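Notes for the structure review
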Amino acid sequence: MESAAPPCIILNVPQLAQNIGAVARVMANFGLADLRLVNPRDGWPQERAWAAASGAEWPLNAARVYDSVEAAIADLHLVYATTARPRELQLPVIGPREAAANLAHEVAEGRATGLLFGGERAGLETADIALCQAVVTLPIDPRFRSLNLAQAVAINAYEWRMTVESGAPPIFREGPPPAEAAAMLGLYEHFERELDDAGFFHPPEKKPSMMQNLRSALGRARFSDQEVRTFRGVVTALSKGRGRSLEKLARRKADGES
């Protein structure tokens, strides 16, 4: 069975063109493209939406306008209403992660889905929520439940994306491989030798455990060959600096300085 398209985003009576553009931007960030607008307050299209989208134009270019929520969801099999306001409806209330998992299942089964968002000022009305199969709400602090429209879309879109691509993106450039054990051993011995000369290992009976701790810490860093050479250069520079300091102190003492 062929999968359906990713969930659509339905904005019911959005007020500001900038917010519509910001929604398009986060949709593009997370692989969503089907934007549906129900009675946008200032009409459509609006130039400021394209400016706010910062180049994410494809959701705006393909956006469809409807005169009712019923018309906007007519072709969908599963619709979730997103709201932070409790309503007197006997609907399941779930979080965005569970919602995304359910939407992903429906999409995999070839069924069209959507997320319904209310306008900036009043959110969704009870009649709109009643058209949906569940309510999606976010675990936000009850002291301040108001959430920017694009932020609410972003959180839900992110959770959807996690069902598609849950791992971290590939690194931009392959780094050098870790140094071989022989190179690391040379670093350990060099470092320990200089520390020994500086009197770091005190009392002497603790030297073995202190050396083990140092080797363990340096080993966890997984230095590359270049990093090993750099670190050894640092150790060498510090040891030479120590010698210059001792010579300077000796000259001061010889000159009768304190």
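Now for a description of the structure that goes with this document. (Residues numbered from 1 in each chain as written. Predicted model: local features only at pLDDT ≥ 70, side-chain atom pairs only at ≥ 80, totals over all residues. Heavy atoms only, no water.)

Some thoughts on the sheet that holds strand β1 (residues 8-12)
Taking strand neighbours across the sheet as the criterion, the seven strands line up as β3-β2-β1-β6-β4-β7-β5 in an open arrangement whose pairing is parallel. At either end of the open sheet lies a strand with only one pairing partner, and these are β3 (64-66) and β5 (93-94). Direction of pairing for β1 relative to strand β2 (residues 35-38): parallel, over a ladder of four bridges. For I9, the partnering residue across the bridge sits in β2 and is L35. Packing of helix α5 (residues 96-108) onto the sheet brings it into contact with β4 (78-82), β5, β6 (113-117) and β7 (134-136), and relative to β4 it is tilted by some 165°. (Pairing = 2+ DSSP bridges. Helix = DSSP H or I, 4+ residues; strand = E, 2+ residues; numbered from the N terminus. Contact = heavy atoms within 4.5 Å. Axes fitted to C-alpha atoms, helices over the stretch in contact; angles between N-to-C directions.)

Notes on the environment of G118
With respect to the helices and strands, G118 occurs in the loop between β6 and α6 (126-129). You can call G118 buried: its relative accessible area is 11%. Sequence separation between G118 and T82 is 36 residues; the distance between their C-alpha atoms is 7.6 Å. Apart from residues no more than four positions distant in its own chain, G118 is found in contact with N12, G123, L124 and L149. (Buried < 20%, exposed > 50% of the residue type's maximum accessible area, 1.4 Å probe, protein only.)

Brief notes about the pairing of β2
Going residue by residue along β2, you find L35 and L37 tucked away on one face and R36 and V38 tucked away on the opposite face as well. In this region the chain leaves β1, passes through helix α1 (residues 17-29) and returns to the parallel neighbour β2; the handedness of that crossover is right-handed. Inspection of the sheet shows β2 paired to β3 by three bridges, in the parallel sense. The residue bridging R36 from the neighbouring strand is R64, located in β3. (Right-handed = clockwise from strand over helix to strand, strands pointing away.)

Overview of the environment of E70
Structurally, E70 can be placed in helix α4 (residues 69-72). Accessibility expressed as a relative area gives 48% for E70, which makes it partly exposed. With 49 residues separating them in the primary sequence, E70 and G21 have C-alpha atoms 23 Å apart.

Focus on the nonpolar core
Grouped together as the largest cluster of nonpolar side chains are 35 residues, with contacts concentrated most on I9, L11, V23, L35, Y80, F117 and V153. Every residue in contact with Y80, bar those within four places of it in the chain, is listed here: I94, A99, N102, L103, G114, L115, L116, C132, Q133, A134 and V136. Judged by nonpolar contacts, the second largest core, of 15 residues, contains C8, I73, L76 and C132. (Core = buried A, V, L, I, M, F, W, Y, C linked by side-chain atoms within 4.5 Å.)

Overview of the side chain of Q46
Here Q46 is to be found in the loop between β2 and α2 (47-53). Take Q46: its relative accessible area is 6%, and that puts it in the buried class. Within the local environment of Q46, its side chain forms a polar contact with the backbone oxygen of G43, the two atoms lying 2.5 Å apart. Ignoring sequence-local partners within four residues, the contact set of Q46 consists of A17 and P40. (Polar contact = N/O pair within 3.5 Å; in protein donor to acceptor, adjacent residues only side chain to side chain.)

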